Amino acid sequence: MRYVLLPMVLIALIFALGNVVLFNALPKPDRLKEPLALEYGTSSEQFRRDMGLLLQQPIVSGNRIDLLQDGEAIYAAKIEAIENAEHSVTFEVYEYWGEQAAIFSEALARAAERGVRVHAMLDFLGSRDADPEMFERMEEAGVELVRWREPSWYQLSRFNHRTHRKLLVVDGHTGFIGGANVADPWVDGDDRDGYRDNHFRIQGPVVGNLQAVFLETWLDATGRMPTGEAYFPELSEMGDRDAQMVNSAPREGRHRVRLMFLHAIAAAEEHITIGTAYFYPDPRFLEVLKEAADRGVRIRVLVPGDSMNFGFFRHASVNRWRPMLESGVELYEYHPRMYHSKLMAIDDRWASIGSANLHNRSFRLNDEANLNIWDEGFAREIRELIEVDKADAERLTIEDWENRPLRRRLAGWITHLIGPYL
């Protein structure tokens, strides 16, 4: 009997483990399968109305948005805000390690020691290289610290699904959003140039929506929901920009960034300018870009070049560029240092800033947060910001694509096999 039972038990265990892998580790479906055919463009009020309703996020007026460029300026502004905090600090980030993380840990710990309610959510994998003493210092000072989604054998989605957001809200009235994590590569070192990145300081009513995005994930992670004036004070208008906070997560009904980008691209009338660290969208997304180019929209996409921190990713992406190049999409590779921005501007009317890249992980696997802005001046500033960096980039032509070395083609093809996880 045992010779019969043992194989049956083994088969049952393999079946159970296979189901865990299948339902936890595989990426979620694309959702929107067909390109959007819009009867309006970005110049129409219908574009704004549809974006607000389809993404289930309000468009809020009266906001001020200040640009912060590169690690030193970004970190200095955030540390200053934490040091001036009086009531609350909510902080969520993907990568967190090295000397820069130590500086942040100390600032958060000091804020907690003077009575500020500090909540820090660090992605578990993104903070795996951090010195454990930083965590001890914060917790001993009274920081509520969560290392989100620690992987386990029975919940493999915790390995596959990360929080990729970079959010900081201080006293409920000053927020920060953008592309920069908290780690040493974002600042200059003895043997490196810091990453090229952009972050933004937000003031005005939309900061309450940034706070709500953080607290929704905090509730998922802890089962607790901080509320009250310390987190949601009454907010006055601080500027003249209309903004919409969009959060996206790998959970049913909360995949939003892919739909958001597809809708905006489909509404483009004149030009689309993109800066992204990781450009590996699904084939249907690439078709939407190609169709926009075919109808006369000028499209420029700026991505990292030789300095990319994941070279294999670059080769997999380039392998799929030919149809876009043939349609006239302009693709540029930035070589001076790692380009880590996540920016999109359309028709000098609409722009999106935040943590989402144009790849599968941002679309279906990660927690992401982007801020959309309906303001001609700001959208133009984002386009010009990308164009300044484009001046230090090299345009890839059809001839360049066809003459790629065989080793790069092979590297891209091999990497393509794990494309759904990129």
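Above this text is the structure in question.
Attention here is on the structure that accompanies the text. (Residues numbered from 1 in each chain as written. Predicted model: local features only at pLDDT ≥ 70, side-chain atom pairs only at ≥ 80, totals over all residues. Heavy atoms only, no water.)

Regarding the pairing of strand 2 (residues 88-93)
Look at any regular strand and the pattern is simple: side chains alternate between the two faces of the sheet.
Working step 1: Most of strand 2 sits inside the fold, with six of its six residues counted as buried.
Working step 2: Burial along strand 2 is two-sided: Ser88, Thr90 and Glu92 facing one way and Val89, Phe91 and Val93 facing the other are all buried.
Working step 3: With six bridges connecting them, strand 2 and strand 3 (residues 117-123) associate as parallel partners. Looking at the pairing, Val89 lines up with Val118 of strand 3.
Working step 4: Judged from the four bridges that link them, strand 2 and strand 5 (residues 167-170) form a sheet pairing that is antiparallel. Bridge pairing in strand 5 links Glu92 to Leu167. (Buried < 20%, exposed > 50% of the residue type's maximum accessible area, 1.4 Å probe, protein only. Helix = DSSP H or I, 4+ residues; strand = E, 2+ residues; numbered from the N terminus. Pairing = 2+ DSSP bridges.)

Some points on unusual backbone geometry
Working step 1: A positive phi angle, close to 65 degrees, is found at Arg149, a residue other than glycine.
Working step 2: Mapped onto the elements of the fold, Arg149 is located in the loop between strand 4 (144-148) and helix 6 (157-160).
Working step 3: One non-glycine residue with positive phi stands out, namely Asp171, at about 55 degrees.
Working step 4: On the secondary structure map, Asp171 appears in the loop between strand 5 and strand 6 (174-178).
Working step 5: Note on Asp171: relative accessible area 6%, which makes it buried.

So, the nonpolar core
Working step 1: Counting residues in each nonpolar core, the largest one holds 46 residues, and the members touching the most others are Val89, Phe91, Tyr96 and Leu108.
Working step 2: At the level of elements, helix 3 (70-83), strand 2, helix 4 (98-113), strand 3, helix 5 (132-141), strand 5 and helix 10 (311-318) are the ones that each hand at least two residues to this core.
Working step 3: Discounting chain neighbours no more than four positions away, the residues touching Leu108 are Ile82, Val89, Phe91, Tyr96, Val118, Met138 and Val143.
Working step 4: Of all hydrophobic cores here, the second largest spans 41 residues; its members include Phe261, Val288, Val329 and Met344. (Core = buried A, V, L, I, M, F, W, Y, C linked by side-chain atoms within 4.5 Å. Contact = heavy atoms within 4.5 Å.)

A word on the side chain of Asp242
Working step 1: Looking at the element boundaries, Asp242 is found in strand 8 (residues 241-248).
Working step 2: Take Asp242: its relative accessible area is 16%, and that puts it in the buried class.
Working step 3: Separated by 2.9 Å, the side chains of Asp242 and Arg48 make a polar contact.
Working step 4: Within the structure, the side chain of Asp242 is placed 3.0 Å from the side chain of Ser61, a separation counted as a polar contact.
Working step 5: Contacts of Asp242, omitting those with residues within four sequence positions, involve Arg48, Ile59, Val60, Ser61, Gly62, Asn372, Ile373 and Trp374. (Polar contact = N/O pair within 3.5 Å; in protein donor to acceptor, adjacent residues only side chain to side chain.)

Things to note about the packing of aromatic side chains
Working step 1: Per the stated rule, a full pass over the model turns up twelve aromatic pairs.
Working step 2: The lysine or arginine in question, Arg147, covers the ring of Phe124, its NZ or CZ lying 4.4 Å from the ring centre.
Working step 3: One residue, Arg409, lies across the ring of Trp401, its end atom 5.8 Å from the ring centre. (Phe/Tyr/Trp six-rings, centres within 6.5 Å; stacked < 30°, edge-to-face > 60°. Lys NZ or Arg CZ within 6 Å of the ring centre and 35° of its normal.)

Quick word on the packing of helix 2 (residues 45-54) against helix 8 (residues 257-267)
Working step 1: For the pair helix 2 and helix 8, interaxial distance at closest approach is 11 Å and the crossing angle is 170 degrees. Regarding the angle of helix 2 to helix 8, the classification is roughly antiparallel. Facing Phe47, Asp50, Met51 and Leu54 of helix 2, the residues of helix 8 in contact are Met260, His263, Ala264 and Ala267.
Working step 2: Residues of the contact of helix 2 with helix 8, tallied by class, amount to six nonpolar, one polar and one charged. (Axes fitted to C-alpha atoms, helices over the stretch in contact; angles between N-to-C directions. Parallel < 35°, antiparallel > 145°, perpendicular 65-115°, else oblique. Nonpolar A, V, L, I, M, F, W, Y, C, P; charged D, E, K, R; others polar.)

Side note on the environment of Val288
Working step 1: Within the element layout of this structure, Val288 appears in helix 9 (residues 283-294).
Working step 2: Here the alpha-carbon distance between Val288 and Leu36, two residues 252 residues apart in the chain, equals 8.4 Å.

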